[in-house]
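If you want the building blocks of each chain, they are given just below.
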Amino acid sequence: MVTLDIRTLVVRILEVVLTCISFSLVASVGHSTHSFWTWCMFTWCFCFCVTILILVLELTSLSESVPISWDDFTTAFAMLATLMVLAASIIYPVYFSCPSCGRQIGATVTSCLAFILYAVEVGLTRAKPGEISGFLSTVPGLLKVLEAFVACIIFICLDYNHFSRFPGLQWCVAVYSICFTFALLVIVFTIGRLLTLFPAPFDKVLTVCNVLAVLMYITATVIWPLYSFRNNPRPSFCKNLICPWDNLVVITFMTSFNLAAYIADTFYSFRLVFFVGRSCRDAPFECTQPRLEPQLGRTRRPDAPHGPLQQDLLWETWPGCTEHHQLTLRTSSFWSRAAMIAVDPRALTQPVGVVRLMATVFTCVSFGLVASAGHVSSPYWAWCMFTWCFCFFFTLLILVLEFTSVHAKLPFAWDDFTTAFAILASLMCLSVSIMYPVFFTCKACSRQIGASVVSWVCFGVYAAEAVLTRLRPSGQNSGFLSSLPGIMKMLEAFFACLIFTSLEKGQYTGSPELQWCVAVYSLCFIFAILIILLSAGRLTSFIPVPFDKLVIVYNILAVVMYLTATVIWPLYSLRGNKRPINCGHLCPWDKLVVVTFMTILNVIVYTLDTAYSIRLVFCVSTQ
C-alpha cells in the first residue's frame, strides 16, 4: 500500500509539468551554442527527470527498497533544484529574452513558478525539529550541495582560450575541479552509504579536506582576478549581454562566494567534531532518551513509527538539548547507519562483472571518440551515439545495483533482465559497428576508425556476457525476456528501430499508402514494447483476458499488417524511382532499400513468433 503526502505529491506533479513546459518552449525557439543556454536546458531537464523518477519510485513503493535515506535524498534534491532553477530563471531572461519574445517570456515565467514550487517542497520535506535526518539535510550537507552548485556556475563561465594561456589560471581551474569532485564524492558516498570504504573516520577526513579546500580557494581568490584583470580593462565593444569579460567577473565573485562557503563549512565541521560532539559524548544522557528494542538490536525513539521507512528514527531529543547537540546526534546517527550498508564485491570480480566493466569502458570510449570528431546531422549518426550511451548507462546501472545488492529487491527477474539486455546490447552494437564505419569513416579518419574498432570489441564483450548469463544450471527456469518468444519480441522492436532510423519525412508524406506502412511499423513497435514491459514487470495479471492468447491474436494481426507493408512499401517507394547516378554515402534512395529489407526481416520474425506461440499455447501446454 502506497502512503503519500497529497500536498507533496501535487507539488511534484506541478514541478514536472512546469519544467517540461520551460524546456519545450526554449527548445522550440532554437538551439544556442552558449554555455549559459546549455546550463538552463540542463537544469530543466535534470529537475524534470529526477522529479519524475522520485514520483515513480514513491508511487510504486520502490523507494522503500532503495538503500539510502529517502527523505534525506528528496529534501536535498529539492534544495539543489531550488538553487538550479533560481539560477536558470535569472540567467535565461537576462541573456536570451526580449520584450517581443513570447516563448522566451513564457519559459521564464514557468521557470520562476517551478522555482517557487521547489522552494515549497523544501518547506514540506525538510527535517522537522526533533526528527532524525541524514547528512544532506544538515548544515554541513547543505553547504556541500551549495559548494558543488557554485562550482557548476563557475564551470559554465570558463573559457578555454582564456585560461589556457596562463599557468596561474590553469591552477585556479584545477582548484575548482578538484574541490567540485570531492564535494560530489561526499554527496554520492553519503547518499549511497558507502562510507565504510574510507579507512579513517569520515567526519575527520571531511574536516581535513575542508581545510585543504579553503587553502586552495584562497589561492584561487587571489590568482584569478590578478591574472584575469591585470592590463585587461572591459573592452569598449563589449556592449552585448554575453560578454567574455563579464564572465571573468562572475567567476571572481563565485570564487569568493565559494571560499566563504568552504570557510563556514570548515568552522562548522570543526565545532561539531571537536567541541559539540565531544560534549555530547561526555554527557549523552543529557541530550537523548533512547529506548532499547531487543528484537531489532537497535535503539528507537519512543514515538518512532514502525516500518521500513521509519527505522532510522532512533533517538528522542530532550527539550533542553541544544540545536547543536541535536545536529551532532543526527549526523553521528547517519554515519552509524551508513556503515551498516553491505556491498557485494563479487559483482565486479566474477567473470560477468569483469565483462561488464569492460563493456562500460569500451562504450564510453566509442562515444567519446565519435563525439570528439564532431556532430553529424544524420539519423544513423544519432542511432550510433544513442546505442553507445544506452549500453553504457544500463551496464553501469546493472553494475551499481549488483554491487549494492539493490537488484535483489527489484520486483522482476533480475537474471532474466540482464540476459535480455546483453542480447539486445549485442544486436545494437553489431548494427552500429557495421553502420558507423560504412557511413562515417575514411582511411585518414583515425578517431572514427578507433571508434569502429572499439565498437566491434563492445559487440564481442556483450556477446560474451550473453553467453555467460545464459549458462544457468540445468533445469533452472528462465524468464520471458531470455526465452525464445521474448528474444523474438526484442528482435521485432530492434528491427522497427532500424526502420525508424531510415525513414525520412519526405519519403511518405505525399503518399497515403506509405503512411499506412509507417502506421504499421509504429503500432507494432508500440505493442511489442508494451508486451515486453508487462511481461518483464510481471504485470500480466492485470490483463482481464488470458495474456498468452491475447499475444497470439496480436501476433497474427501484426503478421497480416506487416505483409501489407512488405508489398506496399517497395511498390510505392521504388516503382519508377531508380537509384540516382550521384547517390553517394547517406543516399535517401538507399534508405528506401534498407526499410524494405528490414520490413521483410520483421515479417519473418513475426511469423516465427506467431507459430511458436501457437505451438506453446495449444500443443505443448495441452500435452
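Just so we're clear, the structure is a prediction, and the values are computed from it rather than from any experiment.

Caption draft 1: Summary view of the overall build of the protein. Per the secondary structure count, the protein includes 20 helices and two strands. Residue burial in the protein is summarised as follows: out of 623 residues, 45% are buried. Sequence-distant contacts in the protein: of pairs separated by 6 or more residues, those separated by 24 or more amount to 77%. Only carbon and sulfur atoms are counted for the fraction: they give 72% of the accessible area of the protein, which is about 30,600 Å².

Caption draft 2: Molecular detail of the side chain of Thr360. Along the chain, Thr360 turns up in helix α12 (residues 351–373). If near-sequence neighbours (up to four positions away) are discounted, Thr360 is found in contact with Phe392, Thr395, Leu396 and Leu399.

Caption draft 3: Representation of the packing of aromatic side chains. Counted by the stated rule, this structure contains 35 aromatic pairs. Ring geometry for Phe36 and Tyr95: centres 4.9 Å apart, planes at 45°, overall tilted. Here Phe36 is found in helix α2 (residues 35–59), whereas its partner Tyr95 is found in helix α3 (residues 70–96), with 59 residues between them in sequence. Their ring planes at 85° and their centres at 6.0 Å tell us that Phe421 and Tyr462 sit as a pair that is edge-to-face.

Caption draft 4: Summary view of the packing of α2 against α3. At a closest axis distance of 9 Å, the pairing of α2 and α3 adopts a crossing angle of 150°. By the criterion of interaxial angle, the relationship of α2 to α3 is roughly antiparallel. When you trace α2 past α3, the crossing you get is left-handed. In terms of residue class, the contact of α2 with α3 is made up of 24 nonpolar, three polar and one charged.

Caption draft 5: Spatial organisation of the state of the cysteines. Inspection of the entire model under this criterion finds one disulfide. Sulfur-sulfur distance for the disulfide between Cys442 and Cys445 comes to 1.8 Å. As the torsion about the S-S bond is roughly 80°, the Cys442-Cys445 disulfide counts as right-handed. Judged by relative accessible area, Cys445 falls into the buried class, the value being 16%. For the unlinked cysteine Cys20, the closest cysteine sulfur is that of Cys45, found at 8.8 Å. For Cys20, a relative accessible area of 33% puts it in the partly exposed group.

Caption draft 6: Examining the environment of Met598 more closely. By the element assignment, Met598 lies in helix α20 (residues 588–620). A residue is classified by how much of its surface remains accessible, and Met598, at 12% relative accessible area, is buried. The spacing of Met598 and Leu498 is 100 residues in sequence and 7.4 Å in space, taken between C-alpha atoms. Excluding residues that lie within four positions of it along the chain, Met598 makes contacts with Phe495, Leu498 and Ile499.

Caption draft 7: Broad picture of the packing of α3 against helix α5 (residues 139–157). For the pair α3 and α5, interaxial distance at closest approach is 10 Å and the crossing angle is 30°. Here α3 lies roughly parallel to α5, going by the angle between them. Considering only the axes of α3 and α5, their crossing is right-handed. Taking contact as the criterion, the partners of Met79, Leu80, Leu83, Met84, Ala87 and Ile91 in α3 are, on α5, Leu142, Val145, Leu146, Phe149, Ile153 and Ile156. In terms of residue class, the contact of α3 with α5 is made up of twelve nonpolar, no polar and no charged.

Caption draft 8: Expanded view of the nonpolar core. Ranked by size, the top nonpolar core spans 67 residues in total, and within it Tyr436, Tyr521, Tyr562, Trp569 and Tyr606 carry the most contacts. Going through the elements one at a time, α12, α13 (379–403), α14 (414–440), α15 (446–470), α16 (484–502), α18 (512–536), α19 (547–573) and α20 are the ones with two or more residues in this core. If one sorts the elements of this core by residue count, α14 sits on top with 13 residues. Among all residues touching Tyr562, those that are not within four sequence positions of it are Ile499, Val520, Tyr521, Cys524, Thr599, Asn602, Val603 and Tyr606.

Caption draft 9: Representation of the environment of Val567. Mapped onto the fold, Val567 is located in helix α19. For Val567, a relative accessible area of 53% translates into the label exposed.

Caption draft 10: Quick look at the pattern of salt bridges. Evaluation of the coordinates by the stated rule reveals nine salt bridges. Among the ionic pairs, Lys144 bridges to Glu147, the shortest N-O distance being 3.0 Å. With a gap of three residues between them, Lys144 and Glu147 both fall in helix α5, about one helical turn apart. You can call Lys144 buried: its relative accessible area is 1%.

Caption draft 11: Summary view of the environment of Trp381. The topology assignment puts Trp381 in helix α13. As a C-alpha pair, Trp381 and Met435 span 54 residues in sequence and 8.6 Å in three-dimensional space.

Caption draft 12: Inspection of α18 at higher detail. The terminal C-alpha atoms of α18 lie 36 Å apart, and with 25 residues this matches the ideal 36 Å at 1.5 Å per residue to within 8%. Phi turns positive one or two residues past the end of α18, at Arg538, with a value near 55°.

Reading the values: rules and limits
- Residues numbered from 1 in each chain as written.
- Predicted model: local features only at pLDDT ≥ 70, side-chain atom pairs only at ≥ 80, totals over all residues.
- Heavy atoms only, no water.
- Helix = DSSP H or I, 4+ residues; strand = E, 2+ residues; numbered from the N terminus.
- Buried < 20%, exposed > 50% of the residue type's maximum accessible area, 1.4 Å probe, protein only.
- Contact = heavy atoms within 4.5 Å.
- Areas by Shrake-Rupley, 256 points an atom, 1.4 Å probe, with all protein chains shown as cover.
- Phe/Tyr/Trp six-rings, centres within 6.5 Å; stacked < 30°, edge-to-face > 60°.
- Axes fitted to C-alpha atoms, helices over the stretch in contact; angles between N-to-C directions.
- Parallel < 35°, antiparallel > 145°, perpendicular 65-115°, else oblique.
- Left-handed = near helix turned anticlockwise from the far one by under 90°.
- Nonpolar A, V, L, I, M, F, W, Y, C, P; charged D, E, K, R; others polar.
- Disulfide = S-S within 2.5 Å.
- Core = buried A, V, L, I, M, F, W, Y, C linked by side-chain atoms within 4.5 Å.
- Salt bridge = Lys/Arg side-chain N within 4 Å of Asp/Glu carboxyl O.
- Expected span 1.5 Å × (residues − 1).

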